[in-house]
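Listed here are the chains, written in short residue letters.
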Amino acid sequence: MEWTQKAKDILEKIRVLRTDTEGWKLTKKTPEVNVYEKVSPHWSGTLYRVEGEVNADPEQVFFFIDPTPSGPRSKWDKAIKELQVIETVDTNVTVVRTITHSAFGGLISARDFTDLVVNEKTDEYLATSAEGIQHPGCPPQTEFVRGRNYPCSITCNRVPGDPKRTRIVSYIQTDLGGMLPKTLVESALPSNQVDFFSALRKALQEGGKWNGPVNGSS
């Protein structure tokens, strides 16, 4: 499939997820973030929705979460070891390889993912969305377990009346590959999202992009 058409298909799948309000179950809650789950419509695993707010404007938050090698994402995101651009389709569409660190004390070994990443900006939000693909420039490598992302997204929503605050909504549905026990995966992914949110908050604070007190959840 031609990449620009695939990019449109990804955005449509994410649009449908954003309007899906049925069947979600709260699976993890912290002062910073709520993690919900439901059966995925795209594969046999679980779809997660993660919600939280940060005291930073959406443009700055998006700069920190954009999965590009030239940005800060791989420096603060503890899960990511390296980001590589395999192909640039246009200014908003790229093929990105992500290499992750091992996790849970080595119980989950290093993974790599090849995704078509689509960025978009509207009056209401900035978002980066993606879906796993096969690309001739990024075949599986023996030193990594190849994982796959089903349609996923991180959206930085503008908060009406408060331009210095961002409501983040993420959708994650990841097949980690390999022979991992289901219970380990179900524990790892929600915890990973809580860690992601905490690390983002810390990165925004240390980067001088935080508005207001640096301690507490608001």
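Check the entry above for the structure.
A short tour of the structure in this document, coming up.

**So, the layout of surface pockets**
Moving on, step 1. Looking at the largest pocket, its volume works out to about 920 Å³.
Moving on, step 2. Going through the elements one at a time, strand E4 (80-90), strand E5 (93-100), strand E6 (111-121), strand E7 (125-132), strand E10 (152-159), strand E11 (162-172) and helix H4 (182-206) are the ones with two or more residues in the lining of the largest pocket.
Moving on, step 3. With seven residues, H4 is the largest single contributor of residues to the lining of the largest pocket.
Moving on, step 4. A volume near 250 Å³ is recorded for the second largest pocket.
Moving on, step 5. Lining the second largest pocket are 16 residues; nearest its centre among them are Trp43, Gly45, Thr174, Lys182 and Val185.
Moving on, step 6. Taken together, the residues of the lining of the second largest pocket sort by class into seven nonpolar, six polar and three charged.

**Some points on the environment of Lys6**
Moving on, step 1. With respect to the helices, strands and loops of the structure, Lys6 is situated in helix H1 (residues 3-18).
Moving on, step 2. For Lys6, a relative accessible area of 14% corresponds to the buried category.
Moving on, step 3. In terms of polar contacts, Lys6 uses its side chain to reach the side chain of Glu131, at 3.3 Å.

**So, the packing of aromatic side chains**
Moving on, step 1. A full pass over the atoms with the stated rule returns four aromatic pairs.
Moving on, step 2. Ring geometry for Phe63 and Phe64: centres 5.8 Å apart, planes at 85°, overall edge-to-face.
Moving on, step 3. Seen in terms of ring centroids, Trp76 and Phe196 are 5.2 Å apart; in terms of plane orientation they differ by 55°. Their pairing is tilted. In this pair, Trp76 is assigned in helix H3 (residues 73-76) and Phe196 in helix H4, connecting sequence segments 120 residues apart.
Moving on, step 4. Over the face of the ring belonging to Trp24 we find Lys38, whose NZ or CZ atom lies 5.3 Å from the ring centre.
Moving on, step 5. One cation-aromatic arrangement involves Arg49 over Tyr36; the distance from NZ or CZ to the ring centre is 4.5 Å.

Rules used throughout
- Residues numbered from 1 in each chain as written.
- Predicted model: local features only at pLDDT ≥ 70, side-chain atom pairs only at ≥ 80, totals over all residues.
- Heavy atoms only, no water.
- 1 Å grid on protein atoms, 1.4 Å probe; cavity = no way out; pocket = protein on both sides within 12 Å on 5 of 7 lines; lining within 4 Å.
- Points joined across faces, edges and corners; volume = space filled by probe spheres on them.
- Helix = DSSP H or I, 4+ residues; strand = E, 2+ residues; numbered from the N terminus.
- Nonpolar A, V, L, I, M, F, W, Y, C, P; charged D, E, K, R; others polar.
- Buried < 20%, exposed > 50% of the residue type's maximum accessible area, 1.4 Å probe, protein only.
- Polar contact = N/O pair within 3.5 Å; in protein donor to acceptor, adjacent residues only side chain to side chain.
- Phe/Tyr/Trp six-rings, centres within 6.5 Å; stacked < 30°, edge-to-face > 60°.
- Lys NZ or Arg CZ within 6 Å of the ring centre and 35° of its normal.

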